[in-house]
Amino acid sequence: MSLNQKRILIIAMLAGGMFVGIAGALAETYWLVVVGAALMVGSLLFFLSKWACPHCGWHLGRFRSGMDYCPHCGERLDFNERIGRKS
Ligand SMILES: [Zn+2]
């Protein structure tokens, strides 16, 4: 999974969780609120554990555009490269 794909997944889970949670709250359907909260927590956990430099494992912090190099090891970050499958 490339960094770009991870970023899309994290944002989609967070946005989806918020949407489901708000819809559940409006409909007073509390299991939906729980599902929404779980999605948001999952997104956060994924962000904390997987949003890292593929070279040194340093956490990349919040999303920034134009971040081409790892702030920790200085290696180039290729957002489209599938980690572990170089060709
Ligand atoms: Zn690094």
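Everything numeric in this text was worked out from a predicted model, so none of it was measured.

### What to know about the packing of helix H1 (residues 3-26) against helix H2 (residues 30-50)
Two numbers describe a pair of packed helices, the interaxial angle and the distance between the axes.
Then, number 1: As a packed pair, H1 and H2 sit with axes 7 Å apart at the nearest point and diverge in direction by 160 degrees. The orientation of H1 with respect to H2, classified from their angle, is roughly antiparallel. Here the hand of the crossing between H1 and H2 comes out left-handed. Counting all contacts with H1, which are made through Lys6, Leu9, Ile10, Met13, Leu14, Gly16, Gly17, Met18, Val20, Gly21, Gly24 and Ala25, the residues of H2 involved are Leu32, Val33, Val35, Gly36, Leu39, Met40, Gly42, Ser43, Phe46, Phe47 and Lys50.

### Some points on the environment of Met1
Then, number 1: One can find Met1 in the segment before H1.
Then, number 2: Judged by relative accessible area, which is 45%, Met1 ranks as partly exposed.
Then, number 3: Between the alpha carbons of Met1 and Phe79 there is a distance of 9.9 Å; along the sequence they are 78 residues apart.

### Points about the coordination of the zinc ion
Working reference: metal with six octahedral donors, ideal angles 90 or 180 degrees; metal with four tetrahedral donors, ideal angle 109.5 degrees.
Then, number 1: In the first shell of the zinc ion, the protein supplies Cys53 (SG), Cys56 (SG), Cys70 (SG) and Cys73 (SG), at 2.3 Å from the metal.
Then, number 2: Metal-centred angles of 104 to 116 degrees between the four donor atoms at the zinc ion mark the site as tetrahedral.
Then, number 3: Expressed as a motif, the donor residue spacing for the zinc ion is C-x2-C-x13-C-x2-C. A residue pair is termed long-range when its members are at least 10 positions apart, and Cys53 in the segment after H2 and Cys73 in the segment after H2 qualify at 20 residues.
Then, number 4: Classification of Cys53 as buried rests on a relative accessible area of 3%.

### Thoughts on H2
Then, number 1: For H2, spanning 21 residues, the distance from its first C-alpha to its last is 30 Å, which sits close to the expected 30 Å at 1.5 Å a residue.
Then, number 2: Burial in H2 covers these residues: Gly36, Ser43, Phe46 and Phe47. For H2, the angular spread of buried residues about the axis comes to 100 degrees, placing them on one side. Residues of H2 that are exposed and point more than 90 degrees away from the buried face comprise Tyr30, Trp31, Val34, Leu45, Leu48 and Ser49.
Then, number 3: Where the residues of H2 are buried, they touch H1.

Thresholds, definitions, all that
Residue numbers run consecutively from 1 along every chain, following the written order of its sequence. Local features in this predicted model are restricted to residues of pLDDT 70 or higher, and side-chain atom pairs are both shown and tallied only at a pLDDT of 80 or more, whereas totals for entire chains, interfaces and linings draw on every residue. No hydrogens and no water enter the side-chain calculation; it runs on all heavy atoms of the structure. Helix axes are fitted only over the stretch in contact, all axes being lines through C-alpha atoms; the angle between N-to-C directions runs from 0 to 180 degrees. Where helices and strands are cited, they refer to DSSP runs of H or I of at least four residues and of E of at least two residues respectively, numbered from the N terminus. Convention used here: angles under 35 degrees read as roughly parallel, angles over 145 as roughly antiparallel, angles from 65 to 115 as roughly perpendicular, and any remaining angle as oblique. By convention the crossing between two helices is left-handed if the near helix lies anticlockwise of the far one by an angle smaller than a right angle, and right-handed if it lies clockwise. In what follows, a contact means two residues having at least one pair of non-hydrogen atoms within 4.5 Å. Partly exposed residues are those whose accessible area sits between 20% and 50% of the maximum for their type, while under 20% is buried and over 50% is exposed, using a 1.4 Å probe and protein chains only. Shown as donors are all N, O and S atoms within 2.8 Å of a metal ion, widened to 3.2 Å for Na, K and Ca; because water is not in the atom set, sites may appear incomplete. By the criteria applied here, four donors are tetrahedral when all angles lie between 85 and 135 degrees, four are square planar and six octahedral when opposite donors are over 155 degrees apart and every other angle lies between 65 and 115, and any other arrangement is irregular. A helix's residues, less one, multiplied by 1.5 Å, set its expected span. The arc in question is the one spanned by the directions pointing from the helix axis to the C-beta atoms.

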